[in-house]
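The lines below spell out each chain.
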Amino acid sequence: MLRVIIVDDERTIRVAMRTMISWEENGLELVDTAADGKQALQLIDASPIDIVITDLKMPNMNGIELLHALAERGFAGRSVVLSNHGDYELVREAMKIGAVDYLLKLTLKPDDLLQAIGKAGELLSRDRKDREHRQRLQHELTETQLEKRNAAWKELLLEDDGGLKDSIREAERYSIPLDRLEGHLFYVSICRYKETLATGKLKNRKLLHFSVINIIKEIASNATDMELVDFGDGHYAALLYDTTWTEEGADSLQLASHIVRLIRTYLNLDVNVAISGRFDGLGQLREQFRICRGASVISFYREAGFVLTASSVTFDERLTGTRFPDWSAGFKSAFEEENGERLDALMSGMLGEMSDARCAPELVCNVFLILFTDLEHIVAKWRKLNDRSGESSGGGSMTAFRQRIMQAESLGQLTEAAQEALRHLSSMLRDAKRHSCRKEVLQVIAILHERLDDKMTLDMLATSVSLNESYLCRIFKQDTGKSIFQYINELKIDRAVELLKQRDARIKEVALSVGIEDPFYFNRLFKKMVGVSPSEYRKNVLEGHHT
């Protein structure tokens, strides 16, 4: 709705124009009327006005003087002038100053007034669009300049020595103050950044960066002159110039802790801050940045939301405090035997030792990648035994696990990804073994399935495949990862589980049907393998708690 005022020293004209048209029905608001230019300026100062309809001849301040005053003030609205016959020179002057149209008082009609106001409204709409376009271009230009300056900073800090000269030239182009690089650096990292974006807690990436940057700037700039560099993926470097802090000084720790607290309070995010030693000049700044960036990955081992001095962080880069050869051999042995308990114990021990030794996180991830590659080779070996080497080994499906391991931001994320990868590989191995057993082993497995309720001795099984007992036991364990006795028990309990799901099944009869006459032994074996007694299992099934 356009806001209009009428300026005329004749009261009858003001009243006539007020009642000449229905202002609201035409999308207009008649804010007020004034008797001269001075009153009109007071109205414009008190409330925003879009269109001024003014007489040319008035006491105190006439229409021409009013238009000049509005132009000097940068009035963003438009004006229409009222005149009498013979005021042509004044009208011409008013049009030069900026009036969009003129109306003759004696012959003024409602349509003429609406037409003049409509013309002024169209020009106002065009003016606003032009103004918004210029503002948008200016904003985009400023944003582009800031992005280029930020890119120049990134090159300056990340570029290797060979390309540093070009980086310095680019920095000078964007007025980066290379002559006053003296102070401290805060390396700020958003914790669980990728997880935060993926879960949609903060969906707008730009808004997230804008909020974090503004909080850091607000806090740090109150204490010192500063510059902020955004490295992407939730990492920022705040350069605090001309500080007199020492590396372990209370001032720097207090300021960094304040940043952590406020970001947690306002954005519900945790950030970590690594504080550099003092730098003086570009060379020292680059070195302190490297130290801070390296120290920040201690977040792999620590709880989120910490503040530390970067020089206090060290990592073992060579597994010197660990037993990698023992782990590798143990993992391969336990994996091939399908010993899940031993694999879990080995993984727990390995993670504990690497954590205690503060192995570099990248090194920890690589250890698992190497181990899992070895385990994939074992799967491939079993596939080859049955001439199935041409089939997919599941390598494609392991790609996702590898990516998760390489991208793990914490020991917890790595542990979860490694455990899932190990379960996947174990499933691949079971499938490979199931299709890669020697024919004698397959014959024994078939006999066990067919005659599960009979008492089959080791001698009977060995005789049925024309092998001696010890050799049969050895190849059965090699091919299946289990002893014959273990395989028989698992087979019996698997069969028992299915029978117990029947509503009228009796536990003693189930035991006999799988070839176990001693009910106490059946109970012990069942509970060991299933986790609950046969009676508890039946109760859960009947009550609908077991699927």
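Parameters and conventions
Residues numbered from 1 in each chain as written. Predicted model: local features only at pLDDT ≥ 70, side-chain atom pairs only at ≥ 80, totals over all residues. Heavy atoms only, no water. Helix = DSSP H or I, 4+ residues; strand = E, 2+ residues; numbered from the N terminus. Buried < 20%, exposed > 50% of the residue type's maximum accessible area, 1.4 Å probe, protein only. Core = buried A, V, L, I, M, F, W, Y, C linked by side-chain atoms within 4.5 Å. Contact = heavy atoms within 4.5 Å. Polar contact = N/O pair within 3.5 Å; in protein donor to acceptor, adjacent residues only side chain to side chain. Pairing = 2+ DSSP bridges. Axes fitted to C-alpha atoms, helices over the stretch in contact; angles between N-to-C directions. Parallel < 35°, antiparallel > 145°, perpendicular 65-115°, else oblique. Nonpolar A, V, L, I, M, F, W, Y, C, P; charged D, E, K, R; others polar. 1 Å grid on protein atoms, 1.4 Å probe; cavity = no way out; pocket = protein on both sides within 12 Å on 5 of 7 lines; lining within 4 Å. Points joined across faces, edges and corners; volume = space filled by probe spheres on them.

### Things to note about unusual backbone geometry
Its identity is not glycine, yet Arg358 carries a phi of approximately 50°, on the positive side. Position of Arg358 among the secondary structure elements: in the loop between helix 12 (340–356) and helix 13 (361–385). Note on Arg358: relative accessible area 30%, which makes it partly exposed. Its identity is not glycine, yet Ser466 carries a phi of approximately 60°, on the positive side. Looking at the element boundaries, Ser466 is found in the loop between helix 17 (458–464) and helix 18 (469–480). Judged by relative accessible area, Ser466 falls into the exposed class, the value being 67%.

### Details of the nonpolar core
The biggest cluster of nonpolar side chains holds 69 residues, and the ones touching the most others in it are Trp153, Phe368 and Phe372. In terms of residue count, the dominant contributor to this core is helix 13 (12 residues). Those residues in contact with Phe368 that lie beyond four places of it in its chain are Met347, Met350, Leu351, Met354, Ile405, Leu414 and Ala418. Core analysis: the second largest hydrophobic core is formed by 26 residues, Phe186, Leu208, Ala220 and Leu269 among them.

### Description of the environment of Ala274
Its place among the elements puts Ala274 in strand 9 (residues 271–275). Judged by its relative accessible area of 2%, Ala274 is buried. Considered as a pair, Ala274 and Gln413 are 139 residues apart in the sequence and their alpha carbons are 22 Å apart. When near neighbours in sequence (up to four residues on either side) are disregarded, Ala274 contacts Leu185, Phe186, Tyr187, Cys292, Leu308 and Ala310.

### A look at the side chain of Arg78
Tracing the backbone shows Arg78 in strand 4 (residues 78–83). Only 3.0 Å separates the side chain of Arg78 from the side chain of Asp127, close enough to count as a polar contact. Those residues within four positions of Arg78 in sequence are excluded, and the remaining contacts are Asp50, Ile51, Val52, Gly98, Val100, Ala120, Leu123, Leu124, Arg126 and Asp127.

### Remarks on the sheet that holds strand 4
Reading across from one edge, 2-1-3-4-5 is the order of the 5 strands in this open sheet, with parallel pairing throughout. A single partner strand is all that each edge strand has here, and the edge strands are strand 2 (28–34) and strand 5 (101–104). This sheet shows a mean twist of 20° between the axes of neighbouring strands, independent of strand direction. Pairing of strand 1 (residues 2–7) with strand 3 (residues 51–55), which is carried by 4 bridges, proceeds in the parallel orientation. Pairing of Val7 across the sheet is with Thr54, part of strand 3. Contacts between helix 1 (residues 11–20) and the sheet are confined to strand 1, strand 2, strand 3 and strand 4, with strand 2 contributing the most and set at about 175° to the helix.

### Concerning the packing of helix 19 (residues 484–500) against helix 21 (residues 519–530)
At a closest axis distance of 10 Å, the pairing of helix 19 and helix 21 adopts a crossing angle of 90°. Taken together, helix 19 and helix 21 sit at an angle that is classed as roughly perpendicular. Counting all contacts with helix 19, which are made through Phe485, Asn489, Glu490, Ile493, Ala496, Val497 and Leu500, the residues of helix 21 involved are Tyr521, Phe522, Leu525, Phe526, Met529 and Val530. Among the residues making up the contact of helix 19 with helix 21, the classes are represented as 11 nonpolar, 1 polar and 1 charged.

### Structural notes on empty space enclosed by the protein
Across all of its chains, the model carries 1 cavity of 30 Å³ or more by this definition. Roughly 30 Å³ of internal volume is contained in the largest cavity. Lining the largest cavity are Tyr187, Ser189, Asn272, Val273, Ala274, Ser296 and Phe306. Of all elements in the fold, only strand 6 (182–190) and strand 9 reach the threshold of two or more residues within the lining of the largest cavity. Class assignment for the residues of the lining of the largest cavity results in 4 nonpolar, 3 polar and no charged.

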